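Residue-level listing of the chains:
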Amino acid sequence: MIYFLYGPDSYRRNQKLKSSLDGYRKKYPTGDIMAVDLEENPDDWTKARDFLNQPSMFVDSKVLIVKESGDVPEKEEKNWIKVLKSELETAHTFIFVSNAKKPLKAFEFLLKPPAKSDFFGELDGGLLEAFVKKEAATRGLEFEKSAWDFLLNCLSSVAERSWVAVAELEKISLSGFSQPIKSSDLKKIISPVLDDQVFEVARKISWSRSWAEKLGLLESLFLQKKEAAYIFNSLAYIAKGKDIVRMADYDVAVKSGNLEYEEALLDFVLSA
């Protein structure tokens, strides 16, 4: 079975992927999981193929996570499509494909049965407000009308709105403002363009191949008093390949009380 998740809203797309993986782990606790990011490593389609072809003698099932499924070498495209099509109706093999855009013509079969697909477009208007209201409620946040209007106006001007909304709400919840939150409070920590250097440093951590460099970048954020939860969410959003699974596991550990965000971040950079 193939589940195709696509669209520019990577936060909701990743949340759908995470919830699907959580459900899979409950049903198949001994299943195998592998993740590949073909945007980062196009040749990893062969690793995905080999994983799918391995006999499952000691496991109940297996899951393959593929990011940017169309980014394979042109000469290998037909072979990769053949691999994917062979798994469309398998009973105990599940492939979750996560793409930022609609698939190219050669991969349009991912939008048709028996594959299952979900589109995650940018939220706007009432849909954006409903999403932000729900996320604010889960954090116990209440806003004066002027503050609420200011926040929505800021969010409506950026890309990746759901992700930015969650990151900003997390930052607001950690700021200790009295409630209902005033617009003057928001303006102390949020800018109309929501430009935060945490995102840029998180990208550098994500792409670095040196644990020492990763650690130095993380320490620089800690020294600037950046909130660990905000850093963690930024890295989770940027995560690629096997790091998607790692960050999902850290998220479960933190929310179950087994780890603090600082501990998860240190383990992430030191075990890279």
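To be clear, the structure that these remarks concern was listed above.
Quantities reported herein were computed from a predicted structural model and do not represent experimental measurements.

J.: Honestly, the pattern of salt bridges in this entry has me stumped. Any pointers?
T.: Side chains bearing opposite charge may pair, as long as their charged atoms lie close to each other. Tallying each qualifying case throughout the model produces 14 salt bridges. Close ionic contact of Asp50 with Arg49 constitutes a salt bridge, the shortest N to O distance being 3.2 Å. Look at Asp50 and you get partly exposed, because its relative accessible area is 37%. With a relative accessible area of 27%, Arg49 lands in the partly exposed category.

J.: For this particular structure, what's the right way to read the packing of helix H4 (residues 125–138) against helix H6 (residues 161–173)?
T.: Relative placement of two packed helices is described by the angle separating their axes and the distance separating the axes. Running from amino to carboxyl end, H4 crosses H6 at an angle of 30 degrees, the nearest separation of the two axes being 10 Å. As judged from the angle between their axes, H4 and H6 are roughly parallel. The two elements H4 and H6 cross, and the hand of that crossing is right-handed. Facing H4, whose interface residues are Leu128, Phe131, Val132, Glu135 and Ala136, H6 presents Arg161, Ser162, Ala165, Val166 and Leu169. Of the residues belonging to the contact of H4 with H6, the class tally is 7 nonpolar, 1 polar and 2 charged.

J.: Please explain the nonpolar core as it appears in this structure.
T.: Across soluble globular proteins, nonpolar side chains have a tendency to be buried as a group. By size, the foremost hydrophobic cluster in this structure holds 67 residues, and its most contacted members are Val132, Phe143, Leu151, Leu169, Leu186, Ile205 and Leu235. Examining the composition of this core, we find that 8 residues originate from one element, helix H10 (residues 228–238), more than from any other. Counting residues in each nonpolar core, the second largest holds 23 residues, with Ile2, Leu52, Ile95 and Ala115 among its members.

J.: Help me understand the sheet that holds strand E2 (residues 32–37), please; the structure alone is not making it clear to me.
T.: Remark on secondary structure: sheet strands pair via backbone hydrogen bonds, oriented parallel or antiparallel. If you walk across this open sheet you meet the 5 strands as E2-E3-E4-E1-E5, and the pairing is parallel. The outermost strands of the open sheet, each flanked by one partner alone, are E2 and strand E5 (116–119). For this sheet, the mean inter-axis angle between neighbouring strands, taken without regard to orientation, is 15 degrees. Direction of pairing for strand E1 (residues 2–6) relative to strand E4 (residues 93–99): parallel, over a ladder of 5 bridges. Along E4, the bridge assignment pairs Tyr6 with Asn99.

J.: Could you clarify how one ought to interpret the packing of aromatic side chains in this entry?
T.: Aromatic ring pairs are defined here through the distance separating the ring centres and the angle between the ring planes. Under the defined criterion, the tally for this structure stands at 13 aromatic pairs. Look at Tyr3 and Phe96: their rings are 5.1 Å apart centre to centre, the planes differ by 15 degrees, and that puts the pair in the stacked class. Of this pair, Tyr3 sits in strand E1 while Phe96 is found in strand E4, placing the two residues 93 residues apart along the sequence. The class for Tyr3 is partly exposed, based on a relative accessible area of 23%. Each ring, one from Phe143 and one from Trp148, has its centre 5.6 Å from the other, and the planes form 50 degrees; the classification is tilted. Accessibility expressed as a relative area gives 15% for Phe143, which makes it buried. Aromatic ring contacts, followed pair by pair, group Phe4, Tyr6 and Phe119 into a single cluster. Lying over the aromatic face of Trp45, Arg49 brings its terminal NZ or CZ to 5.1 Å of the ring centre.

What counts and what doesn't
- Residue numbers run consecutively from 1 along every chain, following the written order of its sequence.
- Predicted model: local features are reported for residues with pLDDT of at least 70 only, side-chain atom pairs are reported and counted for 80 or more only, and whole-chain, interface and lining totals are derived from all residues.
- Side-chain numbers come from the whole structure's heavy atoms, not from hydrogens or water.
- Put simply, a salt bridge is a Lys or Arg side-chain nitrogen that is within 4 Å of an Asp or Glu carboxyl oxygen.
- Buried means the residue's accessible area, taken with a 1.4 Å probe over protein chains only, is under 20% of the maximum for its type, while exposed means over 50%, and partly exposed covers the values in between.
- In this analysis, axes come from line fits to C-alpha atoms, helices being fitted only over the stretch in contact, and the angle between any two N-to-C directions falls in the range 0 to 180 degrees.
- Secondary structure elements follow DSSP: runs of H or I no shorter than four residues count as helices, runs of E no shorter than two count as strands, and numbering proceeds from the N terminus.
- Any angle that falls under 35 degrees is termed roughly parallel, while one over 145 is termed roughly antiparallel, one within 65 to 115 roughly perpendicular, and all others oblique.
- Each crossing gets its handedness from the near helix: less than a right angle anticlockwise from the far helix is left-handed, clockwise is right-handed.
- We call two residues contacting when some pair of their heavy atoms lies within 4.5 Å.
- Just so you know the grouping, Ala, Val, Leu, Ile, Met, Phe, Trp, Tyr, Cys and Pro go in nonpolar, Asp, Glu, Lys and Arg go in charged, and all remaining residues, Gly too, go in polar.
- In plain words, nonpolar cores are sets of buried Ala, Val, Leu, Ile, Met, Phe, Trp, Tyr and Cys residues tied together by side-chain atoms within 4.5 Å.
- Any two strands with at least two DSSP bridges between them are considered paired.
- Note on aromatic pairs: the rings of Phe, Tyr and Trp (six-membered ring only in Trp) are paired at centre separations within 6.5 Å, and the planes decide the class, stacked below 30 degrees, edge-to-face beyond 60, tilted for the rest.
- Each ring is checked for a lysine NZ or an arginine CZ that lies within 6 Å of its centre and within 35 degrees of its normal; such an atom marks a charge sitting over the ring.

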